[in-house]
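Notes for the structure review
The lines below spell out each chain.
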Amino acid sequence: MSRSLSVEPDLPEDAGEPGGGQGEGATITPYRDGPLIVRGDFRLLDQDGNEIDPGRETIALCRCGKSGIKPFCDGTHKRSGFSAPSAPSRPRPAAQLLREGRRPDA
């Protein structure tokens, strides 16, 4: 008996919601213990600059490194026990410096 393997991950329930539509750019949301969800108007390139056709406007990118269809998520993170938060555990120093540099001086 042959079983087909789905290469479509189970996207979070709100993965298809608007928030990065055409002309607005893209939004990238890291999901807790899961993939990076990319929504909206974006281009996906390999390291040589070749465009990768995502086939849709909302995609899940692998964060665990174990997907069989990298750079896309195939749900392997669930079986491998991948664990990562949705937000950074601490602020990035460069981001803080940029924010401070944009403050108007009195």
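I will try to describe carefully the structure that is included in this document. Keep in mind that what you see is a predicted model, and the values were worked out from it rather than measured.

1. Topic: the pairing of strand 2 (residues 36-40)
Across the five residues that make up strand 2, a large majority, four, are buried. Relative to strand 2, strand 1 (residues 26-30) is paired through five bridges, and the arrangement is antiparallel. Considered in strand 2, the bridge of Pro30 is made with Leu36. Counted along the chain from strand 1 to the antiparallel partner strand 2, the turn is five residues long, and its residue Asp33 has a positive phi close to 60 degrees.

2. Points about the sheet that holds strand 2
Spatially, the three strands line up as an open sheet ordered 1-2-5, and their pairing is antiparallel. Bordering the open sheet on either side are strand 1 and strand 5 (58-61), each of which pairs with just one other strand. Ignoring which end each strand starts from, the neighbouring axes of this sheet average 20 degrees apart. With four bridges joining them, strand 2 and strand 5 adopt antiparallel strand pairing. Considered in strand 5, the bridge of Leu36 is made with Leu61.

Calculation notes
- Residues numbered from 1 in each chain as written.
- Predicted model: local features only at pLDDT ≥ 70, side-chain atom pairs only at ≥ 80, totals over all residues.
- Heavy atoms only, no water.
- Buried < 20%, exposed > 50% of the residue type's maximum accessible area, 1.4 Å probe, protein only.
- Helix = DSSP H or I, 4+ residues; strand = E, 2+ residues; numbered from the N terminus.
- Pairing = 2+ DSSP bridges.
- Axes fitted to C-alpha atoms, helices over the stretch in contact; angles between N-to-C directions.

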